[in-house]
Amino acid sequence: MPAATKPLPESVLISEPCLQKRIRELGTQILADYENQELILLGVLRGSVLFFADLSRAIFGAQLEKPSREVQVRFEFVQLTSYNNNTQPSAVELIHGGSDYLEHQNILIVEDIIDTGQTLKLLYEHLRTLNPKTVKVCTLLDKPSKRRVPVTIDYIGFEVPDAFVVGYGLDYAQQYRNLPYIALLEST
Ligand code: IMP
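The rules behind these values
Residues numbered from 1 in each chain as written. Predicted model: local features only at pLDDT ≥ 70, side-chain atom pairs only at ≥ 80, totals over all residues. Heavy atoms only, no water. Helix = DSSP H or I, 4+ residues; strand = E, 2+ residues; numbered from the N terminus. Buried < 20%, exposed > 50% of the residue type's maximum accessible area, 1.4 Å probe, protein only. Contact = heavy atoms within 4.5 Å. Core = buried A, V, L, I, M, F, W, Y, C linked by side-chain atoms within 4.5 Å. Polar contact = N/O pair within 3.5 Å; in protein donor to acceptor, adjacent residues only side chain to side chain. Salt bridge = Lys/Arg side-chain N within 4 Å of Asp/Glu carboxyl O. Patch = residues over 30% accessible without salt bridge, like charges linked within 9 Å, V, L, I, M, F, W, Y side chains within 5 Å. Areas by Shrake-Rupley, 256 points an atom, 1.4 Å probe, with all protein chains shown as cover. Expected span 1.5 Å × (residues − 1). Arc of directions from axis to C-beta.

(A) Representation of the overall build of the chain in the model. Helix and strand counts for the chain come out as three helices and nine strands. Start at the N end of the chain and walk to the C end: the helices and strands fall as β-α-β-α-β-β-β-α-β-β-β-β. Split into buried and exposed, the 188 residues of the chain put 43% on the buried side. A fraction of 71% describes how many contacts in the chain between residues 6 or more apart in sequence connect residues 24 or more apart.

(B) Examining the nonpolar core more closely. Core analysis: the biggest nonpolar cluster contains 29 residues, and Ile30, Phe51, Leu55, Leu140, Leu141 and Ile182 have the highest contact counts within it. Every element with two or more residues in this core is listed here: α1 (16–33), β2 (37–45), α2 (49–65), β5 (106–114), β6 (134–142) and β7 (155–159). Among the elements that take part in this core, α2 stands out by supplying six residues, more than any other. If we skip the residues at most four places from it in the chain, Leu140 touches Leu19, Ile23, Phe51, Glu111, Asp112, Ile156, Gly157, Phe158, Tyr168 and Ile182. Counting residues in each nonpolar core, the second largest holds 16 residues, with Ile107, Ile109, Ile114 and Val135 among its members.

(C) Highlighting the side chain of Asn106. For Asn106, the location among the structural elements is in strand β5. Note on Asn106: relative accessible area 4%, which makes it buried. Among the polar contacts made by the side chain of Asn106, one reaches the side chain of Thr134 at a distance of 2.7 Å. Excluding residues within four positions of it along the chain, Asn106 makes contact with Tyr34, Gln37, Glu38, Leu39, Ile40, Lys133 and Thr134.

(D) A look at the pattern of salt bridges. Tallied over the entire structure, the rule returns eleven salt bridges. Across the pair Glu35 and Arg69 runs a salt bridge whose closest N-O atoms are separated by 3.2 Å. With Glu35 in the loop between α1 and β2 and Arg69 in the loop between α2 and β3 (71–83), this pair connects stretches of sequence that are 34 residues apart. By relative accessible area, Arg69 is classed as partly exposed at 23%.

(E) Representation of a nonpolar patch on the surface within the structure. Residues Val73, Phe75 and Phe77 make up a contiguous nonpolar surface patch of about 250 Å² in total accessible area. By the secondary structure assignment, Phe75 is in strand β3. With a relative accessible area of 44%, Phe75 lands in the partly exposed category.

(F) Spotlight on the environment of Glu111. By the element assignment, Glu111 lies in strand β5. Judged by its relative accessible area of 4%, Glu111 is buried. C-alpha of Glu111 to C-alpha of Leu42: the two residues are 69 residues apart in sequence and 8.6 Å apart in space. Excluding residues within four positions of it along the chain, Glu111 makes contact with Val44, Ser48, Phe51, Thr119, Cys138, Thr139 and Leu140.

(G) Expanded view of the environment of Gly169. Examined against the element boundaries, Gly169 turns out to sit in the loop between β8 (165–166) and β9 (182–186). What makes Gly169 buried here is its relative accessible area of 1%. Not counting residues up to four positions away in its chain, the partners in contact with Gly169 are Arg46, Gly47, Leu50 and Arg177.

(H) Geometry of α1. When the terminal C-alpha atoms of α1 are compared, their 26 Å separation across 18 residues agrees well with the 26 Å that a helix rising 1.5 Å per residue should span. Taken together, the buried positions of α1 are occupied by Leu19, Ile23, Leu26, Gly27, Ile30 and Leu31. The buried residues of α1 occupy an angular sector of 135° when projected down its axis, which confines them to one face. Facing away from the buried side of α1, by more than 90 degrees, are the exposed residues Pro17 and Arg24.

Spelled out as structure tokens, the structure:
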């Protein structure tokens, strides 16, 4: 896309310190909830990667502050598609699924944003067929105004308004994923 027509994320919606503070709180809560258990953090590629990395370290950081608590964390990833280089949802297709070793495990889905809920519903239904012990959901952002299917979310970082947001893993046409904050996407 030529630079002149490329939308620019001009306004910061959630600053870097604000993100990091909330992620530390989530880490503390997750550690308390899964104390002395094994936990598979299931990252949904590609939008959740920065959140995933910081959340996993926040769980460890919380553990350092409360050494009597421990959670054994494993990493797994899935990839789905719901957007085609634009801001409108299209079909959701499961590209990579979980494997046999998710059976009898505690799975925490780590998402960047829940919008219509269709991606999460499809993933959740797929995971249930793999016979896990528990499946919970942690999303950095929740956009409830766009919900089309009901979903249960166990951990929410922030609620965001009905606008397209980018940064901190979230993209527009594969751009802006490496911003350290969440910004509103604005057309020029
Ligand atoms: P859903 O299936 O509509 O809930 O959409 C989930 C996926 O759509 C997210 O994991 C994102 O990849 C993408 N998405 C939804 N809203 C936004 C947004 O505002 N900015 C960037 N990506 C979004």
